[in-house]
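Overview (structure and organization)
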Amino acid sequence: MAAWPEADWEMLLSWAAVAGYAVSAVALALGSGLGREGLRRAAIWLLAAGFGCHGLALGLRWAVVGHGPYTTTYEVYSSNAWVIAALFLAAAWRAPRLLAAGIVAVPGAMFFLMLGLAKYEGLPGLPTAFHYGWLAVHVLFVKLAIAAILVALGCSLWLLRRPGRGAAAGELDRYNYRFMGLAFFFWTVATASGAVWADLRWGRYWGWDPIETWSFIVWIGLGLNLHLQRFYGWRGRRAAWLTAACFGFFLLALFVIPLVGGSLHTMYVVGEGAS
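Residues numbered from 1 in each chain as written. Predicted model: local features only at pLDDT ≥ 70, side-chain atom pairs only at ≥ 80, totals over all residues. Heavy atoms only, no water.

**Here's the deal with the overall build of the protein chain**
Going by this rule: Numbering of helices and strands starts at the N terminus; helices are DSSP runs of H or I of at least 4 residues and strands are runs of E of at least 2. The contact criterion used is simple: two residues touch if any of their non-hydrogen atoms lie within 4.5 Å. Surface accessibility in these figures is a Shrake-Rupley result with a 1.4 Å probe; residues are shielded only by whichever protein chains are displayed.
For the protein chain, the count of helices and strands is 9 helices and 0 strands. Mapped from its N terminus to its C terminus, the protein chain presents α and β elements in the order α-α-α-α-α-α-α-α-α. Considering only residue pairs separated by 6 or more positions, the protein chain has 81% of its internal contacts joining residues 24 or more positions apart. For the protein chain, the accessible area works out to roughly 12500 Å², and carbon and sulfur atoms hold 69% of it.

See below:
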């Protein structure tokens, strides 16, 4: 583990981001639960402040190591958190109703960042396995898919908590569908680009190892979710439960299978060094 003088600044900025995300999550929960618009607006500014600190921490590390955040557990989980916060901020800025989804998205970002910080490492080298542009595409779209399904899950939890047919419920229902559509698109690109990279790395596009198999299961689940909503009129609680089930598949694919499945992907998914 190489020491580097900027590490203290990276840690300071990262923990400032954790604080911003944590206070934002509390403000969002209180503001949404009590109907306090001022708290909800404050939550967005707190989230933006944490997001800015987080971006500076990742940018500082990138400038020093010379590659994107995808070679260690810390880098993988920290950049997951940053992408989740980025997508949620962009979505909530455009559609204020989506602030309700922050009850999942913001704690999700904080969880990933803290998980990464718990596994913080020094400066890694850049393994030869990572010298492909297709990997950057693959990693980015996996992160975008995670962010999209967390926003959809946030909408779904509000639908399950407050079922109804009012304007608010209808809007959250539509956003659940739209963000599940985004998750499906992002996951499709991630899977396709991952196949191209696998051919460059291992000489084959698809090998049905555990992670590849579960990636396909997740893709089928997302597609089935959209199909049932679009063509069979599944809305409200049924659609919300579908989204929760798809999120369960995500958790299995991203956290459980890499650790227990003996996959070739394990070192990449959990961010450990590759060769």
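Now that the structure has been shown, the text picks up again.
**Section: the nonpolar core**
Short version of the rule: Take the buried Ala, Val, Leu, Ile, Met, Phe, Trp, Tyr and Cys residues and link them wherever side-chain atoms come within 4.5 Å; each set so joined is a nonpolar core. Exposure classes here rest on a 1.4 Å probe applied to the protein chains alone. A residue is buried below 20% of its type maximum, exposed above 50%, and partly exposed in between.
In this structure, Tyr-21, Phe-88, Phe-179, Leu-222 and Phe-250 are the most contacted members of the largest nonpolar core, which totals 68 residues. Elements represented by at least two residues in this core include exactly α1 (7–34), α2 (37–65), α3 (73–94), α4 (102–118), α5 (133–161), α6 (167–202), α7 (210–231) and α8 (236–260). Ignoring sequence-local partners within four residues, the contact set of Tyr-21 consists of Leu-47, Gly-50, Phe-51, His-54, Ala-85, Val-106, Ala-109, Met-110 and Leu-113.

**Some details on the packing of α7 against α8**
Let me state the cut-off plainly: Axis definition: a line fitted to C-alpha atoms, over the contacting stretch in the case of helices. Angles run 0 to 180 degrees between N-to-C directions. Convention used here: angles under 35 degrees read as roughly parallel, angles over 145 as roughly antiparallel, angles from 65 to 115 as roughly perpendicular, and any remaining angle as oblique.
Two elements in contact, α7 and α8, have axes separated by 10 Å at closest approach and are oriented at 170°. Taken together, the axis directions place α7 and α8 in an arrangement best described as roughly antiparallel. In this structure, α7 contributes Pro-210, Ile-211, Trp-214, Val-218, Gly-221, Leu-222, Asn-225, Leu-228 and Gln-229 to the contact, and α8 contributes Ala-239, Leu-242, Thr-243, Cys-246, Phe-249, Phe-250, Leu-252, Ala-253, Ile-257 and Pro-258.

**Focus on a nonpolar patch on the surface**
Keep this limit in mind: Like charges are joined within 9 Å and nonpolar side chains (Val, Leu, Ile, Met, Phe, Trp, Tyr) within 5 Å, but only among residues with over 30% relative accessible area and no salt bridge; these make up the patches. The working definition used for a salt bridge is a side-chain nitrogen of Lys or Arg within 4 Å of a carboxyl oxygen of Asp or Glu.
A cluster of nonpolar side chains, contributed by Phe-249, Leu-252, Val-256, Leu-259 and Val-260, occupies part of the molecular surface with about 440 Å² of accessible area. Turning to its location among the elements, Leu-252 is positioned in helix α8. Classification of Leu-252 as partly exposed rests on a relative accessible area of 31%.

**Re the side chain of Glu-212**
So the rule is basically this: Think of a polar contact as two N or O atoms within 3.5 Å of one another; within protein, one of them needs to be a possible hydrogen donor and the other a possible acceptor, and neighboring residues in sequence only count if both atoms come from side chains.
Position of Glu-212 relative to the elements: it lies in helix α7. A distance of 2.5 Å separates a polar atom in the side chain of Glu-212 from a polar atom in the side chain of Arg-204. A polar contact of 2.7 Å, which involves the side chain of Glu-212, links it to the backbone nitrogen of Gly-207.

**Brief notes about α8**
Inclusion rule: For a helix, the expected span equals 1.5 Å multiplied by the number of residues minus one. What we call the bend at a residue is the angle made by axes fitted to the seven residues finishing there and the seven residues starting there.
Helix length check: α8, at 25 residues, gives a terminal C-alpha distance of 35 Å against a target of 36 Å (1.5 Å per residue), a fit within 8%. Bending of α8 peaks at approximately 35° at the position of Leu-252. Of the positions making up α8, those classed as buried are Ala-239, Ala-240, Leu-242, Thr-243, Cys-246, Phe-250, Ala-253, Leu-254, Ile-257 and Pro-258.

**Side note on the pattern of salt bridges**
Going through the model one piece at a time under the given rule, you end up with 4 salt bridges. A salt bridge links Glu-75 to Arg-61, with the nearest nitrogen and oxygen atoms 2.7 Å apart. Highlighted residues: Glu-75 in helix α3 and Arg-61 in helix α2, separated in sequence by 14 residues. What makes Glu-75 buried here is its relative accessible area of 1%. Note that Glu-212 is salt-bridged to Arg-204, the shortest N-O span being 2.5 Å.

**Remarks on the side chain of Ser-32**
Relative to the assigned elements, Ser-32 resides in helix α1. We classify Ser-32 as buried; its relative accessible area is 9%. There is a polar contact of 3.2 Å between the side chain of Ser-32 and the side chain of Arg-40. With near-sequence residues (within four places) excluded, Ser-32 lies in contact with Arg-40, Ala-100, Trp-158 and Arg-162.

**Side note on the packing of α1 against α3**
Heads up, the condition is: The hand of a helix crossing depends on one turn: near helix anticlockwise from the far one by less than a right angle means left-handed, and clockwise means right-handed.
Relative to each other, α1 and α3 sit at 40°, their axes nearing to 13 Å. Accordingly, the angle class assigned to the pair α1 and α3 is oblique. Viewed along their axes, α1 and α3 form a crossing whose handedness is left-handed. Residue-level inspection shows Glu-10, Met-11, Ser-14, Tyr-21 and Leu-28 of α1 in contact with α3, the latter providing Tyr-74, Ala-85 and Phe-88.

**A look at the packing of aromatic side chains**
Note the cut-off: Only Phe, Tyr and Trp rings are paired, with Trp represented by its six-membered ring, and only when their centres lie within 6.5 Å; those with planes under 30 degrees apart are stacked, over 60 edge-to-face, the remainder tilted. Two conditions define a charge sitting above a ring: the NZ of Lys or the CZ of Arg must be within 6 Å of the ring centre, and it must be within 35 degrees of the ring normal.
Applying the stated criterion across every chain, the model contains 18 aromatic pairs. Ring pairing ties together the aromatic residues Phe-184, Trp-206, Trp-208, Phe-216 and Trp-219, which thus form one cluster. The side chain of Arg-230 reaches across the aromatic face of Phe-231, ending 5.4 Å from its centre. It is Arg-235 that lies over the ring of Tyr-177; its NZ or CZ is 5.4 Å from the centre.

**A word on unusual backbone geometry**
Within the chain, Trp-208 stands out as a residue other than glycine whose phi angle is a positive 55°. By the secondary structure assignment, Trp-208 is in the loop between α6 and α7.

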